[in-house]
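The residues making up each chain are set out below.
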Amino acid sequence: MSTFPDRPVAVLCSGGDSPGMNAFLRAVTRLGLNRHQIPVLGIRDGYQGLVRAARQVNGHPAELAKLKARIVANTGAKGLIELDQDIILMDHACVSGIVGRGGTLLGSARCLEFHKPEVRRSVIDLLTSLGVHALVVVGGDGSLTGARLLADESDLRVIGVPATIDNDLQFTELALGVDTAVHTLVWAVDHFIDTARSHRRVMVLETMGRDCGDLARMAAVASGAEMVITPEGGAVTHERLIEYAAKIETSMTRGRRHAIVLVAEGVKFSHDTTPDRSRAYVLRDAFESYFRRAGAPYPDLEVRPSVLGHLQRGGHATPQDCILASRFAENAWESLLSPEPQNGITALQHNRVVVVPFGAEDMPDRARFSRKMDELHEDLSSW
Ligand code: F6P
């Protein structure tokens, strides 16, 4: 391509990376080129890449012309890998072989500067001067808020795509990456069970998820973990800690040789004087002090805490995430090109992919789903 494309669509990944982002980038690029004959510009490092490019151009026509020439001269892998450009014209080859690969080809970042209206204005001006027709933003809560602001403050078409292992977006049943992260947690629990059983130990594993317990509860049901503690139950009191410990101890007296406890990172403790301390360690101390009380049946019962951390964000995306990413991309295009285009966010609702307007209401079923999942886990894991 020797001239700058007319009305391209731009795509970026923002916030914490999430498995399925690459599958989405491949799908949005290939559908653009193969089905709609519309080129796609990939933006490096989320909003940060746009802010950097806007600073470089800074309203100067000569700089804009140079940027356009660079984008056209160095397409695909050349611009992306060799020259580390902030804006790349995507081609078939650069999205080849990435469908299930974790992370994101374009890179991702959190961009605090984007909270400033003048920074968003500079980005809108840049996109407008490049003739960008629409922007697709792939990310979690904060990133989608940024997308909504851009939609409100410009004439750009903007589509958000939910991608976060936290599953904390209440308008979609699933976000990209959740299925893979649950899969990874099941794998991790399997490994911890082997060693826990050998030593008759309790393993407390802290999951990610911010203030949402979905990741932990889904992993608990799928892995058979004995206990799951999530933020939705409210701050954990001292009495509840004792109930949890007593439950574990009773299960040992009934013949259990191990216990796996999943605790979501968003859990709070009512007596907590060190809220930054990892939850897994707070639980270890509370449980061990209960197990060591006078006359206890297993005074030597040990608790080993682990914070699973960023392990949960990586790895090969599951088929379910790759399929959902491809369906989200298809829907994003349909929405962008429909005669009555609507800005909004792709969502999975009752197993259908739809685009909901920015600021759409929470699905009432989502909270019910979480509660039912907790009840199901309780009845499946109790001995
Ligand atoms: O939002 C995704 C997430 O992985 C959260 O579960 C976690 O709290 C946070 O991001 C970690 O952020 P960072 O990668 O910036 O440490």
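Keep in mind the model is a prediction, meaning the values are calculated, not measured.

Criteria and cut-off values
- The residue numbers shown here count from 1 along each chain, following its written sequence.
- Under the rules for a predicted model, residues below a pLDDT of 70 receive no local features and side-chain atom pairs below 80 are neither given nor counted, while totals for whole chains, interfaces and linings still include all residues.
- Excluded from the side-chain calculations are hydrogens and water; all other atoms, namely the structure's heavy atoms, are used.
- In DSSP terms, a helix is any run of H or I states spanning at least four residues, a strand is any run of E spanning at least two, and both are numbered starting from the N terminus.
- Burial here depends on accessible area, computed with a 1.4 Å probe over protein chains only, as a share of the maximum for the residue type. Under 20% is buried, over 50% is exposed, and the range in between is partly exposed.
- Residue contacts are counted whenever heavy atoms from the two residues lie within 4.5 Å of one another.
- In short, Shrake-Rupley with a 1.4 Å probe defines the accessible areas, and a residue's cover is counted only from the protein chains shown.
- Charge assignment: positive for Lys and Arg, negative for Asp and Glu; neither His nor the chain ends contribute.
- To locate a charge, take NZ of a lysine, CZ of an arginine, CG of an aspartate or CD of a glutamate.
- What a helix is expected to span follows from its residue count: subtract one and scale by 1.5 Å.
- We define the nonpolar core as a collection of buried residues of types Ala, Val, Leu, Ile, Met, Phe, Trp, Tyr and Cys that are connected through side-chain atoms lying within 4.5 Å of one another.
- Here the bounds of each domain stem from an automatic or database domain assignment.
- Any two strands between which DSSP finds at least two bridges are classified as paired.
- Only the stretch in contact is used when fitting a helix axis, every axis being a line fitted to C-alpha atoms; angles between N-to-C directions are given from 0 to 180 degrees.
- Note on definitions: salt bridges are taken to be side-chain nitrogens of Lys or Arg within 4 Å of carboxyl oxygens of Asp or Glu.
- The term polar contact refers here to a pair of N or O atoms within 3.5 Å; inside protein, the definition further demands a hydrogen-donor-capable atom paired with an acceptor-capable atom, and it admits residues adjacent in sequence only when both atoms are side-chain atoms.
- Residues are classed as near a molecule or strand on a simple rule: at least one heavy atom within 4 Å of it.
- When residue character is reported, Ala, Val, Leu, Ile, Met, Phe, Trp, Tyr, Cys and Pro are called nonpolar, Asp, Glu, Lys and Arg charged, and the others, Gly included, polar.

Asks: Would you mind going over the overall build of the protein in detail, with residue names and values included?
Replies: Looking only at helices and strands, the protein has 12 helices and 11 strands in total. With respect to the principal axes defined by its C-alpha atoms, the protein has extents near 80 × 35 × 35 Å. Per-residue burial over the protein gives 54% buried out of 383 residues. The long-range share in the protein, meaning contacts at least 24 apart out of those at least 6 apart in sequence, stands at 75%. Of the accessible surface of the protein, which amounts to about 16600 Å², a share of 51% is contributed by carbon and sulfur atoms. Of the side-chain charges in the protein, 42 are positive and 47 negative, and the distance between the mean point of each set is 3 Å.

Asks: Explain helix α7 (residues 178-199) to me, and be specific about the residues and the numbers.
Replies: For an α-helix the count is 3.6 residues per turn, leaving residues at separations of three or four pointing the same way. Between its terminal C-alpha atoms α7 stretches 32 Å, which fits the 32 Å expected from 22 residues at 1.5 Å a residue. Buried within α7 are the following residues: V178, T180, A181, V182, T184, L185, V186, A188, V189, F192, I193 and A196. Next to the buried residues of α7 lie β6 (202-207), α8 (214-223), β8 (259-264), β9 (303-307) and α11 (319-337).

Asks: I'd like to hear about unusual backbone geometry, residue by residue, with values.
Replies: At D45, a position not held by glycine, the phi torsion is positive, near 60 degrees. Backbone geometry places N58, a non-glycine residue, at a positive phi of 50 degrees. In this structure, N58 sits in the loop between α2 (47-57) and α3 (61-73). Here N58 falls in the exposed class, since its relative accessible area comes to 53%.

Asks: Account for the nonpolar core, with residues named and values stated.
Replies: Core analysis: the largest hydrophobic core is formed by 89 residues, its most contacted members being F24, V202, I260 and F287. Among the elements that take part in this core, α7 stands out by supplying 10 residues, more than any other. Per-domain counts for this core show at least three residues from each of domain 1 (9-176 + 317-361) and domain 2 (182-313). Ignoring any residue separated from it by four or fewer positions in sequence, one finds F287 in contact with V204, L241, Y244, A245, I248, V261 and V303. Of all hydrophobic cores here, the second largest spans 41 residues; its members include V72, L127, V137 and L150.

Asks: Tell me about the sheet that holds strand β11 (residues 352-356), and name the residues and values.
Replies: Taken in spatial order, the seven strands line up as β3-β2-β1-β4-β5-β10-β11 in an open sheet, and their pairing is mixed. Looking at the sheet topology across the chains shown, the edges are occupied by β3 (87-89) and β11. For this sheet, the mean angle separating the axes of adjacent strands, direction not counted, is 25 degrees. Where strand β1 (residues 9-13) and strand β2 (residues 40-43) come together, four bridges link them in parallel fashion.

Asks: Describe the pattern of salt bridges, and please don't skip the residues or the numbers.
Replies: All told, the structure shown has 24 salt bridges when counted by the stated rule. Across the pair E232 and R217 runs a salt bridge, and its minimum N-O distance is 3.0 Å. In this pair, E232 sits in the loop between β7 (227-229) and α9 (238-253) while R217 sits in helix α8, placing the two residues 15 residues apart along the sequence. By relative accessible area, which is 42% here, E232 ends up partly exposed. For R217, a relative accessible area of 1% puts it in the buried group. The network of salt bridges with shared partners includes D214, R217, E232, R366 and D374.

Asks: Talk me through the side chain of R279; I want residue IDs and the actual numbers.
Replies: Structurally, R279 is set in helix α10 (residues 279-291). At a separation of 2.7 Å, a polar atom in the side chain of R279 contacts the main-chain carbonyl oxygen of V267. Discounting residues that sit within four places of it in the chain, R279 has contacts with E206, V263, A264, E265, V267 and F269.

Asks: So what's going on with the site of the ligand? Which residues, and what values?
Replies: Close to the ligand lie R110, D166, M208, G209, R210, E265, H310 and R313, which account for all nearby residues. Contacts to the ligand include R110, whose side-chain N or O atom sits 2.9 Å from an oxygen atom. Between the ligand and R313, the relevant distance is 2.7 Å, taken from an oxygen atom to a side-chain nitrogen or oxygen of the residue. For the shell around the ligand, the residue count by class is one nonpolar, two polar and five charged.

Asks: I'd like a description of the sheet that holds β6, backed by residues and values.
Replies: Within the open sheet, the four strands sit side by side as β7-β8-β6-β9. Their pairing is parallel. Sheet topology places β7 and β9 at the edges, where each strand pairs with a single neighbour. Each strand of the sheet is rotated relative to its neighbour by a mean of 20 degrees, with strand direction disregarded.

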